[in-house]
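Coordinates in review
Take a look at the letters that make up each chain.
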Amino acid sequence: MSGKSKLDLSPSVFHRRLMKAKPALSFDGGDLKTWRRRLRKKIAELTGFDAMPRPNERCKLNAQTLWTREHKHGRIEKIAFRAEPGADVVGYVCLPKKASPPY
């Protein structure tokens, strides 16, 4: 192994080097509103929230009853609906026998 550099297999060395780096969005004491806006934009990007539809871009619910069962206490319906584009949700609606709308 002559002529080769020494390997450093300790993760601590790498982590210490990372800790010395200044994070790109750390607050440096400048304008708080500007920093907050940049930070929120980056968090939305990293979490995928920037790709979510805005309230005025809502999709049709496309609600459907998948099945209905009668029960001694009322009726149970399994339903599905679209929460947002590409995200359908399944749920149950339990309607009591001795009640009237609104439930």
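The structure contained in this document is the topic of the report that follows. (Residues numbered from 1 in each chain as written. Predicted model: local features only at pLDDT ≥ 70, side-chain atom pairs only at ≥ 80, totals over all residues. Heavy atoms only, no water.)

Here we take up the overall build of the protein chain. Counting secondary structure elements, the protein chain contains two helices and three strands. From first element to last, N terminus to C terminus, the protein chain shows the α and β order α-α-β-β-β. A compact globule built from 103 residues would reach a C-alpha radius of gyration of about 13 Å, whereas the protein chain, at 27 Å, exceeds it by more than 25%. Seen through its C-alpha atoms, the protein chain measures out along the principal axes to roughly 85 × 45 × 25 Å. The buried share among the 103 residues of the protein chain stands at 7%. Once local pairs closer than 6 in sequence are excluded, the contacts in the protein chain between residues at least 24 apart make up 13%. As presented, the protein chain carries roughly 9,600 Å² of accessible surface, and 57% of it is formed by carbon and sulfur atoms. (Helix = DSSP H or I, 4+ residues; strand = E, 2+ residues; numbered from the N terminus. Rg over C-alpha atoms; globule rule 2.2 N^0.38 Å. Buried < 20%, exposed > 50% of the residue type's maximum accessible area, 1.4 Å probe, protein only. Contact = heavy atoms within 4.5 Å. Areas by Shrake-Rupley, 256 points an atom, 1.4 Å probe, with all protein chains shown as cover.)

To continue, consider the environment of valine 93. Structurally, valine 93 is set in strand S3 (residues 87-96). When the C-alpha positions of valine 93 and asparagine 62 are compared, they lie 16 Å apart, and in sequence the two are 31 residues distant. When neighbours within four sequence positions are excluded, valine 93 is seen to be in contact with Arg75, Ile76, Glu77 and Ile79.

It is worth spelling out the packing of aromatic side chains at this point. Counted by the stated rule, this structure contains two aromatic pairs. Positioned above the aromatic ring of tryptophan 67 is the side chain of arginine 69, whose terminal nitrogen or guanidinium carbon lies 4.4 Å from the ring centre. (Phe/Tyr/Trp six-rings, centres within 6.5 Å; stacked < 30°, edge-to-face > 60°. Lys NZ or Arg CZ within 6 Å of the ring centre and 35° of its normal.)

Okay, the sheet that holds strand S1 (residues 64-71) next. A sheet is described by the order of its strands in space; here three strands give the open sequence S1-S2-S3, paired in antiparallel fashion. The sheet terminates laterally at S1 and S3, the two strands that pair on one side only. Direction aside, the axes of adjacent strands within the sheet are offset by 20° on average. (Pairing = 2+ DSSP bridges. Axes fitted to C-alpha atoms, helices over the stretch in contact; angles between N-to-C directions.)

This part takes up the pattern of salt bridges. Within this structure, the stated rule accounts for three salt bridges. Note that arginine 75 is salt-bridged to glutamate 77, the shortest N-O span being 3.1 Å. For glutamate 77, a relative accessible area of 14% gives the class buried. Arginine 82 is the partner of aspartate 88 in a salt bridge, and the nearest nitrogen-oxygen pair spans 2.7 Å. (Salt bridge = Lys/Arg side-chain N within 4 Å of Asp/Glu carboxyl O.)

Our focus in this paragraph is the pairing of strand S2 (residues 74-84). With seven bridges joining them, S1 and S2 adopt antiparallel strand pairing. Bridge pairing in S2 places arginine 69 opposite isoleucine 76. Counting the residues between successive antiparallel strands, the hairpin from S1 to S2 contains two residues. Adjacent in sequence and paired antiparallel, S2 and S3 are bridged by two residues, among which glycine 86 carries a positive phi angle near 85°.

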